[in-house]
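Topology and contacts: notes
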Protein chains: 4
Amino acid sequence: MERVGFIGLGNMGRGMASNLRRKQFPLTVYDLNPAPVAALGELGAESADSVEALARHSNIVVTMLPGPKEVSATAEQLLCKMAPGSILMDSSTVDPETTDALAKAAAARGVGFVDAPVGRLAAHAARGESLFMVGASDADFARVKPLLEAMGTTVHHCGGPGTGTRTKLVNNYLAIILCQLNAEALSLSAAFGLDLEKTLDVIHGTTATNGQLKINWPDKVLKGDTAPGFAIDLAHKDLSLIVQAANAARVPLPVAAAAREAFSTARAQGFGKNDFSAILDAQCKLAGVPAPRLK
Amino acid sequence: MERVGFIGLGNMGRGMASNLRRKQFPLTVYDLNPAPVAALGELGAESADSVEALARHSNIVVTMLPGPKEVSATAEQLLCKMAPGSILMDSSTVDPETTDALAKAAAARGVGFVDAPVGRLAAHAARGESLFMVGASDADFARVKPLLEAMGTTVHHCGGPGTGTRTKLVNNYLAIILCQLNAEALSLSAAFGLDLEKTLDVIHGTTATNGQLKINWPDKVLKGDTAPGFAIDLAHKDLSLIVQAANAARVPLPVAAAAREAFSTARAQGFGKNDFSAILDAQCKLAGVPAPRLK
Amino acid sequence: MERVGFIGLGNMGRGMASNLRRKQFPLTVYDLNPAPVAALGELGAESADSVEALARHSNIVVTMLPGPKEVSATAEQLLCKMAPGSILMDSSTVDPETTDALAKAAAARGVGFVDAPVGRLAAHAARGESLFMVGASDADFARVKPLLEAMGTTVHHCGGPGTGTRTKLVNNYLAIILCQLNAEALSLSAAFGLDLEKTLDVIHGTTATNGQLKINWPDKVLKGDTAPGFAIDLAHKDLSLIVQAANAARVPLPVAAAAREAFSTARAQGFGKNDFSAILDAQCKLAGVPAPRLK
Amino acid sequence: MERVGFIGLGNMGRGMASNLRRKQFPLTVYDLNPAPVAALGELGAESADSVEALARHSNIVVTMLPGPKEVSATAEQLLCKMAPGSILMDSSTVDPETTDALAKAAAARGVGFVDAPVGRLAAHAARGESLFMVGASDADFARVKPLLEAMGTTVHHCGGPGTGTRTKLVNNYLAIILCQLNAEALSLSAAFGLDLEKTLDVIHGTTATNGQLKINWPDKVLKGDTAPGFAIDLAHKDLSLIVQAANAARVPLPVAAAAREAFSTARAQGFGKNDFSAILDAQCKLAGVPAPRLK
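Residues numbered from 1 in each chain as written. Chains lettered and ligands numbered in written order. Predicted model: local features only at pLDDT ≥ 70, side-chain atom pairs only at ≥ 80, totals over all residues. Heavy atoms only, no water.

We apply this condition: UniProt positions are given in the numbering used here, feature names are shortened, and annotations may be inferred rather than shown by experiment.
In the nomenclature of an unreviewed UniProt entry, chain A is known as NAD(P)-dependent oxidoreductase of Rhodovarius crocodyli. Recorded under Sequence similarities (unreviewed entry), the UniProt text for chain A is reproduced unchanged: "Belongs to the HIBADH-related family."

**Describing the relation of the copies chain B and chain D**
Think of it as a corkscrew move, a rotation about one axis and a shift along it, taking one chain copy to the other. Note the following rule: Copies overlap after least-squares fitting; the atoms used are the C-alpha atoms of residues with pLDDT of at least 70 in both. Any two residues whose heavy atoms approach within 4.5 Å are treated as being in contact.
Between chain B and chain D, the superposition needs a rotation of 180 degrees and an axial shift of 0.1 Å, giving an RMSD of 0.1 Å. Taken together, these values place the two copies in the relation of a two-fold axis. When the interface residues of chain B are mapped onto chain D, 100% of them are again interface residues, pointing to one common binding face.

**Observations regarding the environment of A106(C)**
All names here are of chain C. Applicable threshold: Helix and strand labels come from DSSP, where a helix needs a run of H or I of at least four residues and a strand needs a run of E of at least two; each type is numbered from the N terminus. Think of it in three bands: residues with accessible area under 20% of the maximum for their type are buried, residues over 50% are exposed, and the middle band is partly exposed, with areas taken using a 1.4 Å probe on protein chains only.
Inspection of the secondary structure puts A106 in helix α5 (residues 96-108). Judged by its relative accessible area of 0%, A106 falls in the buried class. Among all residues touching A106, those that are not within four sequence positions of it are L79, V111, G112 and F113.

**As for the pattern of salt bridges**
Keep this limit in mind: In what follows, salt bridge is the name for a side-chain nitrogen of Lys or Arg lying within 4 Å of a carboxyl oxygen of Asp or Glu.
Across all of its chains, the model carries 48 salt bridges over all chains by this definition. Across the salt bridge formed by E261(A) and R260(A), the nearest N and O atoms sit 3.3 Å from each other. Judged by relative accessible area, which is 5%, R260(A) ranks as buried. Here R143(D) ties to E2(D) by a salt bridge, and the two come within 3.0 Å at their closest N and O atoms.

**Some points on the interface of chain B and chain D**
Note the following rule: What gets called buried area is simply the loss in accessible area from a 1.4 Å probe that two parts show on being joined, summed for both. Distance and chemistry together define a polar contact, namely a pair of N or O atoms within 3.5 Å, with one atom able to donate a hydrogen and the other to accept it when in protein, and with adjacent residues in sequence counting only for side-chain atoms on both sides. Note that Gly is not counted as nonpolar here; it falls among the polar residues with everything else outside the nonpolar set of Ala, Val, Leu, Ile, Met, Phe, Trp, Tyr, Cys and Pro and the charged set of Asp, Glu, Lys and Arg.
Counting residues at the interface gives six residues for chain B, matched by six residues for chain D. Across the chain B/chain D interface, buried area totals approximately 450 Å², and carbon plus sulfur atoms make up 48% of it. Of all residues in chain B, A268(B), Q269(B) and L286(B) give up the largest surface area on contact with chain D, accounting jointly for 73% of the area buried on that side. Counting across the interface, chain B meets chain D through zero salt bridges. For the pair chain B and chain D, the interface holds four residue pairs in polar contact (both at pLDDT 80 or more). At the level of secondary structure, the elements contributing two or more residues to the side of chain B that touches chain D comprise α12 (254-268) and α13 (279-287) of chain B. In terms of residue count, α13(B) provides more of the side of chain B that touches chain D than any other element does, three residues in total. Looking at side-chain class alone, the side of chain B that touches chain D contains three nonpolar, two polar and one charged residues.

**Comments concerning the packing of aromatic side chains**
For the record, the criterion: The pairing test for Phe, Tyr and Trp rings, Trp by its six-membered ring, is centres within 6.5 Å, and the orientation test on the planes gives stacked under 30 degrees, edge-to-face over 60, and tilted for anything in between. A positively charged side chain is recorded as over a ring if its NZ (Lys) or CZ (Arg) lies within 6 Å of the ring centre. The angle to the ring normal must also be within 35 degrees.
Scanning all chains against the criterion turns up four aromatic pairs over all chains. Pairing F230(C) with F276(C) gives two aromatic rings, centres 5.1 Å apart and planes at 90 degrees, and the pair type is edge-to-face. Here the residue F230(C) occupies a position in the loop between α10 (211-216) and α11 (232-248), and F276(C) occupies one in the loop between α12 (254-271) and α13 (279-287), the gap between them amounting to 46 residues. Assigned by exposure class, F230(C) and F276(C) land together as buried. Sitting over the face of the ring of F192(D), R166(C) holds its NZ or CZ atom 5.5 Å from the ring centroid.

Below, the structure written as structure tokens:
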């Protein structure tokens, strides 16, 4: 069994490390805060005096830190001491540039690099029910997989190093902005004087709860079928009614306004007669990116 | 059985009217285009020479027209001839102001008014599988319900006149803007060089496919629990990483940018330590609307 | 001298009408509010009992009303009674669709139509110092010009009917959104702890006070010269610094965020090496409109 | 006379350095690119073999580099060798965080720090006509002033270290976003079929060319006078007309849409009856920043 080092026993990290111990991984931990170190000690983890000491004791080091700066600084110290053939696995949420720099620095020292950021919340981490989006070579993935399965119930191998971080950003983009979308929709519903339970009943029965991406899109734009079930021109017309009605109800909707202009641009770019899922093609054309298709 | 008049045999309307005939409703239809009128004739519908003639023959008149202008003009003609105690049911997508004006004009003539806009697509309408969001008094709803059940499989009675139109706007707001959100997310995924299938696998397993509204929110903000599972400050930090990474990848994300500023405003307004579902409370405070809660 | 009718003695209207009287125009006024009617009476204006009566007494009727609905309703009454060869001049702020409909209705009755919306404020109107943006045929313009010169100090003949309203929208777009821009800039300055007087000193000495459009653009993009004085790529880089610094200072900047994505789109569309005034060309390409150039 | 070191002979830097030589400052230059180094040599500048060598020869070192990363890396090398009592002056465009870190690092070594970013373009720099926004202690400002006056015609002392960079960001925010604003306005004008020259004539005669900030604001909101000359409610109504007309003309206006929602938020927050310059107060309230006022 791999000897594991774990740095960063914050809200998420202590739950993750605890589950490694529960599955009997030999574990050394490091954190500036003595309380979680002591708590892990009671589960049988050793504690290291320094990042460097931890690096020397471990085959695989997991970092779970607040942000890019902390991760970069810690990795610099770690990589001075980690043995070639060992693995650095970062589960922090960082930008792709930081992840790519870490992967490169690790490779230069003969150390494997895995980015494995976490989906779901601290409560899931405590119960060993996290979700991981993993960027790793196949060989490194095979080595870290038992750790990930000790800490979580869902493990996605997304591709080589860097793809875990990037997938997490795409995923969180959707999950977080959906909240603003929901907030705008329900504030409008409240301003309209609608009954909340009834509104939710309706929404939950339509593609408004993102059946779009799960049900419609795989059979439409993602297969290259942009014949209109519901055309961008009509979607634009509906959005315009919504923006106008919200305005009359004195409810500001910043995301709706931005989206309306995006549909307006798509219309001006000649996508108006296409299915509204083809807003994907319009956005990709604007971004200069090939529109993705299912194989 | 009620004698039904149906005006507007376009893409959606001809499917809806056909299903009324299949369920044996006595039906008179009117449209400027002779082809669908003839098709309905083959199913046993009569055709009227004018809107007024149709009004005189029907207890319930259904309108399914392109937009507010057409609906208002047709309703004006109808209401001159419809008998007190009859019902005007509009299934077009219009703004609340138009709906409210129709309801008022109908009431002034002793005619009942029902707004029953349609969810789902023309293909569903053809198969009698539409979804209706209905604003009507209880008495009027009881009378139109058999018609709606002939044309669709899901019928939501949302409240009094005007609530059907408003619920449709809220629902379509979500369904349509989700497309722009999905488009931005997948264009970013493509710019990142991620594998589409793997990205979809991940997204479909998280709240990114709007489990937010279905799973998380009813237990969090909608119950008034805003203790942070994932705080607005952290969501803001993640959004900032996403916006920065997209920028580095040269992908414009107009909706993400607007949403980031909304989270930034929520943070500046003191909501940073609340759960990210409390973006609802921040948005409602900005709009001057009471934040909706489940009973 | 033309006999003038004036309908709408609100904040702006009473100042305008007063100046017509001061320059001795024979004047009949109409308003539901008796106070300004009496005040105009003291300046020698007659008062009409109805819109129709006013129409019959006047060669030129000026309307200055709150919005499209009031203008359309009043014009309908007026046009029934105005003699062929008379002129209807609307100075209200309305949408182009309304203006075009009025022009068409007037033409059908042989009545000339002039749209002459007002720039500047009520205080200017009171002093006879308004600015007018006028859409009119050359012949009609010649007839209304003395009235406009009685009421204002600046009269722009923008083209045929409809161009006055459209020019006002373009002008107000700039004037109003500049306020939001200024607000964002000064809120950022305040959050940065900068001295307001010094900030204004700096801003007033650069193209930040829209010398862009007055000084730079006529020699750059509007002449087709898009060689970079300051490239879109650099402007985008600066905008990114600003958005990031505002974010660190916890100041939401919704317009800056939208503009950054617009520059990001321009960059993705291949305009990055062009002068930043060429954002005009990028925007026009998105809108499917030919980029305007000075002759 | 101070011995000056200059690092970064790019587009802007070579013009600036040349003007220092023309005014006879003893000058040592450093750049990786040999061509501009040779050109400066012909004007009598010496060239240093390394950043460190330049540091040892200079009382004042000027850096003019592409971005935060280059500035930070160079400053680290410089500060190891610069004598206490010397001054590091950075004219690059960087974020406030970088500037603050440089100021702190310099202070720790007894070295003065000045941030003096540049307004205007490379053509101005070549002619010694730059504009500088300077953050410096009074003593350091007195020492660098002769250099700045050799390189430019306008020198603003904005306050202590860090205020130059911040003022530049605020200034560029306005100057750059104005371009997007102008672009949207002129694309709308083009879509409306208006004559470009006439549109510019009108715009240049109103506050649309930012007389707002120069003429109106100092007498209105910046003095605390928010009595309505033109109320936010009316500005919002006009913006709504504009957005609707642009939509009808099929022109996407992302910045206008964002600004409309900002006015909508101000209205919902109770600012509707205030002068439209009070959008400043609305924005500052959202940002949690005290609204700035002239003394």
